[in-house]
Amino acid sequence: MKEEKRDILTLSLDDIKKFLESNNEKAFRAAQVYEWLWKKHCRSFDEMSNISKPLRDILNTEFFIQAVKPENLQISKDKTIKLAFRLFDNSLVEGVLIPSEDRSTACISSQVGCNLGCEFCATGKLGLKRNLSAGEIYHQVVEIMKLAKDKYDLSLTNIVLMGMGEPLLNYDNVLKAMEMISSDKGLGMSPQRITLSTVGLPRMIKRLADDNIKFNLAISLHSANEKKRSDFMPVNNHNSLESLKEALIYFNKKTGQRITFEYLLLNGINDSLADAKDLAEYCKSFPVKINIIEYNTTGNPRFNKSMPRVTDAFVTFLKSKNMVVNVRRSRGQDIDAACGQLAAKKGK
Ligand code: SAH
Ligand code: SF4
């Protein structure tokens, strides 16, 4: 038995070929192994029925398959399902299936916890335990896909990286998972149906542009006022709105993509007409879509959701400036499955 087994899902097809050749196996077997891993989602080498027992044994000695185990399903009255994923080291992350009339969306996590400490977010209180591997990110989608089929006979249409963690602080693994989710060798989903949500790290956004990503980018803006944003999003102290704007201009020029801004309306904090004006001004440099999100309570007494008439006035102002604005209804609140509420609470 090898002391340090490796995660086979970190290997490219070429890496597997090389490994097989160095073990005197035929290179064409690599495609079969790869297919078992990414297309047939096998969880143990013994499931690879067209691979010889001796080769399965070699693989088993060298590698492990980093899958995720769903547990603790909670079903909301609006049919949203939250589940926890148990990881190999016993950590937990959460994922959500959100079925609606015209789509069914999987919300998945990118890290165990998060160390960016946005004050309105339950995940932010956990701190960061570790990054998820590409396999762990990918397999959350696979499990939610199975769940959608089993429970509602639905196919998954959309994926949002809006669960626990900051995806751009786990860049390589997230991109590898995205690549396999959209590749024909994996789940074959269109990248246009995948959205990565980030707190907005300028350096990493430029990297996404250079990597010419095809999936959608959503920025959790929540305020276009430098001082206010820093006040409840500490990350803004070192990544100013000005530098974010510069990175987004670069991103838009390189990819031609429109940017989505998430804007959480917090009562008396970022919901005045002056705030709406700041937002409209900030959006002048590139094409944007604004998603207004309702605050989901996370127990911090400082925050409450905005009053309906204040929300209406905010949205009306933006629309009067010809901006594209959607108001997002919150889903799964009764089971703490809504945005910002994912904290993998024990026993819940
Ligand atoms: N770290 C990434 C992705 C995970 S958070 C990010 O911050 O974008 C996913 C979304 O939930 C973000 O837009 C975040 O701002 C939002 N969110 C966090 N706490 C929330 C809350 N209490 N109510 C509503 N949305 C919240
Ligand atoms: Fe982290 Fe996103 Fe929560 Fe902020 S909102 S603490 S970046 S998970």
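None of these values were measured; they are calculated from a predicted model.

About the criteria used
Residues numbered from 1 in each chain as written. Chains lettered and ligands numbered in written order. Predicted model: local features only at pLDDT ≥ 70, side-chain atom pairs only at ≥ 80, totals over all residues. Heavy atoms only, no water. Helix = DSSP H or I, 4+ residues; strand = E, 2+ residues; numbered from the N terminus. Buried < 20%, exposed > 50% of the residue type's maximum accessible area, 1.4 Å probe, protein only. Lys, Arg positive; Asp, Glu negative; His and termini not counted. Salt bridge = Lys/Arg side-chain N within 4 Å of Asp/Glu carboxyl O. Contact = heavy atoms within 4.5 Å. Pairing = 2+ DSSP bridges. Axes fitted to C-alpha atoms, helices over the stretch in contact; angles between N-to-C directions. Expected span 1.5 Å × (residues − 1). Right-handed = clockwise from strand over helix to strand, strands pointing away.

Asker: Can you walk me through the side chain of aspartate 7 in this structure?
Answerer: By secondary structure assignment, the location of aspartate 7 is in strand S1 (residues 6-7). As a buried residue without a salt bridge, aspartate 7 has its nearest oppositely charged side chain in arginine 130, at a separation of 8.4 Å. The contact partners of aspartate 7, leaving out residues within four places of it in the chain, are Phe64, Gln66 and Ser133.

Asker: Would you mind showing me how to read the sheet that holds strand S3 (residues 69-75) here?
Answerer: Sheet strands pair via backbone hydrogen bonds, and the direction of the pair is either parallel or antiparallel. Strand order in this open sheet of ten strands is S3-S4-S5-S6-S9-S10-S11-S12-S13-S14, and the pairing throughout is mixed. Strands with a single pairing partner mark the edges of an open sheet, and in this sheet they are S3 and strand S14 (324-328). Each strand of the sheet is rotated relative to its neighbour by a mean of 25°, with strand direction disregarded. Both strand S10 (residues 194-198) and strand S11 (residues 216-220) contribute to a ladder of four bridges, which runs parallel. The partner of threonine 198 across the bridge, within S11, is isoleucine 219. Packed onto the sheet, helix H5 (residues 171-182) meets strand S9 (158-161) and S10 and runs at close to 165° relative to S10.

Asker: How do you make sense of H5 when you look at a structure like this?
Answerer: Between its first and last C-alpha atoms H5 spans 17 Å; for twelve residues at 1.5 Å apiece the expected length is 16 Å, and the two agree. Against the buried residues of H5 lie helix H2 (29-38), helix H4 (134-152), S9, S10 and helix H6 (202-210).

Asker: I keep staring at the pairing of strand S13 (residues 288-294) and nothing clicks. Help me out?
Answerer: Within a regular strand, the side chains alternate between the two sheet faces. Of all seven residues making up S13, five are buried, and the element is well covered by its neighbours. Looking at chain direction, strand S12 (residues 259-265) and S13 are connected through seven bridges and run parallel. Following the sheet pairing, isoleucine 259 is matched in S13 by valine 288. Running through helix H9 (residues 273-282), the crossover from S12 to the neighbouring parallel element S13 is right-handed.

Asker: In this structure, what is going on with unusual backbone geometry? I would like to understand it.
Answerer: Most peptide bonds are trans, and most residues other than glycine sit at a negative phi. At asparagine 24, a position not held by glycine, the phi torsion is positive, near 60°. Of note, asparagine 24 is situated in the loop between helix H1 (13-22) and H2. Owing to a relative accessible area of 75%, asparagine 24 belongs among the exposed residues under this scheme. A positive phi is found at lysine 79, a non-glycine position, where the angle reads about 80°. Of note, lysine 79 is situated in the loop between S3 and strand S4 (81-86).

Asker: I would appreciate a short explanation of the pattern of salt bridges in the present structure.
Answerer: Any two side chains of opposite charge can pair, given that their charged atoms come close. Enumeration according to the criterion identifies 18 salt bridges in this entry. Measuring nitrogen to oxygen at the nearest pair gives 4.0 Å for the salt bridge that ties aspartate 14 to lysine 18. On the criterion of helical spacing, the pair formed by aspartate 14 and lysine 18 is a turn pair, its members being four residues apart in helix H1. Residue lysine 18 is classed as exposed on the basis of its relative accessible area, which comes to 52%. Between glutamate 94 and lysine 82 there is a salt bridge whose closest N-O contact spans 3.5 Å. Residue glutamate 94 is located in strand S5 (residues 92-99), and its partner lysine 82 is located in strand S4; the two are separated by twelve residues in the primary sequence. Just as glutamate 94 is buried, lysine 82 falls in that class too. Connected through shared salt-bridge partners, Arg43, Glu143 and Lys146 make up one network.

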